[in-house]
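A structural walkthrough
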Amino acid sequence: MRSAVRAEVFLAALLVSSAHAGPLHAQCRLEWNFGISCYNVYTSLVIQIKLWTSIDNCIKEGGERCLYELQSANEHYIVAKHRNLLHNYVDDLTFKLMSSGAMQSCRVSAFSVSDPWYVMLDNGINYCNLRNLVEGSGLDAVPGFSESTDDFRCTQYSSANCTIY
Ligand SMILES: *[C@@H]1O[C@H](CO)[C@@H](O)[C@H](O)[C@H]1NC(C)=O
């Protein structure tokens with residue numbers, strides 16, 4: 001009985017997923033470029049994650065810029081979690097940092113994915129998990145900053161409103 005219900009839910013999930021263009025499971029993969037060293041990118045991201053670990057900033061400002069949790073970090077790889085205040089589930093975040101060419105340039109491959117398997121549409125929450133950190137830390141204003149993704153790699157990217165999420 002239980003497995004029959006699960007199978008039906010899974011089928012429904014497949015049907016819903018065929019109606020939108022994004023990944024089957026709510027997630028976001030994007031690339032950032034920064035005209036500063038990976039060491040500076042790493043410290044900025046880690047400081048921002050720590051600043052937003054408590055719920056305080058969400059109480060003050062609204063939105064989802066709180067409840068981040070650093071799991072592990074070094075200059076090449078950062079792992080964190082973000083608990084969504086509105087839906088109360090956890091998303092897993094990873095940042096892969098690669099120095100490119102000159103030392104003063106860093107390429108970051110960032111990924112956010114929702115823990116619960118049934119989450120397919122997320123209003124761009126996984127995108128905002130990543131985007132809010134880069135904005136909060138001011139990294140989006142450093143020389144040479146660029147961001148690259150699309151709706152196929154990043155669920156509901158083009159309609160995301162990170163003021164809310
Ligand atoms: C995003 O949401 C905020 C708060 O509801 C709203 O003021 C703003 O206009 C929205 N932005 C866009 C681009 O829809």
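For clarity, every value in this text was computed on a predicted model and none was experimentally measured.

Looking only at helices and strands, the chain has 4 helices and 6 strands in total. Reading the chain from its N terminus to its C terminus gives the helix and strand order α-β-α-α-β-β-β-β-α-β. By the burial criterion, 32% of the 165 residues in the chain qualify as buried. The contacts in the chain between residues at least 6 apart in sequence include a share of 66% that link residues at least 24 apart.

Core analysis: the largest hydrophobic core is formed by 31 residues, its most contacted members being Val41, Leu45, Phe95, Leu97, Val108, Tyr127 and Leu130. Breaking this core down by element, the ones donating at least two residues are strand E1 (27-34), helix H2 (38-51), strand E3 (77-83), strand E4 (90-99), strand E5 (106-114) and helix H4 (125-136).

Among the secondary structure elements, Ala160 is positioned in the segment after strand E6 (146-148). Exposure remark for Ala160: the 21 C-beta atoms within 10 Å place this residue in the buried category. In sequence terms Ala160 and Asp122 are 38 residues apart; their C-alpha atoms lie 9.0 Å from each other. When neighbours within four sequence positions are excluded, Ala160 is seen to be in contact with Asn123, Gly124, Tyr127, Cys128 and Tyr165.

What follows is about H4. Between its first and last C-alpha, H4 extends 16 Å over 12 residues, near the 16 Å set by a 1.5 Å rise per residue. Burial runs high along H4: 10 of the 12 residues are buried. Lining the buried residues of H4 we find E1, H2, E3, E4 and E5.

The strand order across the open sheet formed by 6 strands is E2-E3-E4-E5-E1-E6, and the pairing between neighbours is antiparallel. Each of the sheet's edge strands pairs with one partner strand only, and the pair in question is strand E2 (68-73) and E6. The sheet shows a mean angle of 20° between the axes of neighbouring strands, taken without regard to direction. Note: E4 against E5, 9 bridges, orientation antiparallel. Within E5, the position partnered with Lys96 by the bridge is Ser109. Contacting E1, E2, E3, E4 and E5, H2 runs over the sheet at an angle of about 145° to E2.

In this section: H2. For H2, built from 14 residues, the straight-helix expectation of 20 Å at 1.5 Å per residue is met to within 8% by its first-to-last C-alpha distance of 20 Å. All of the buried residues along H2 are Cys38, Val41, Tyr42, Leu45 and Ile49. In an axial view of H2, the angular spread of the buried residues amounts to 100°, which keeps them on one side of the axis. Looking at the packing, one finds that the buried side of H2 touches E1, E2, E3, E4, E5 and H4.

Two elements, E3 and E4, share 7 bridges in a ladder whose sense is antiparallel. Opposite His82, over in E4, you have Asp91 as the bridge partner. Here E3 folds back onto E4 in antiparallel fashion, the turn holding 6 residues, of which Asn88 has a positive phi close to 55°.

Our next topic: the pairing of E3. Only one face of E3 is buried: it carries Ile78, Ala80 and His82, and the other face, with Tyr77, Val79, Lys81 and Arg83, is open. Across 5 bridges, the pairing between E2 and E3 is antiparallel. Residue pairing for E3: Glu69 is matched across the bridge by Lys81. Counting the residues in the hairpin turn of E2 and E3 gives 3 residues.

Rules used throughout
Residues numbered from 1 in each chain as written. Predicted model: local features only at pLDDT ≥ 70, side-chain atom pairs only at ≥ 80, totals over all residues. Helix = DSSP H or I, 4+ residues; strand = E, 2+ residues; numbered from the N terminus. Buried ≥ 20, exposed ≤ 12 C-beta atoms within 10 Å, placed from the backbone. Contact = placed C-beta atoms within 7 Å. Core = buried A, V, L, I, M, F, W, Y, C linked by C-beta atoms within 7 Å. Expected span 1.5 Å × (residues − 1). Pairing = 2+ DSSP bridges. Axes fitted to C-alpha atoms, helices over the stretch in contact; angles between N-to-C directions. Arc of directions from axis to C-beta.

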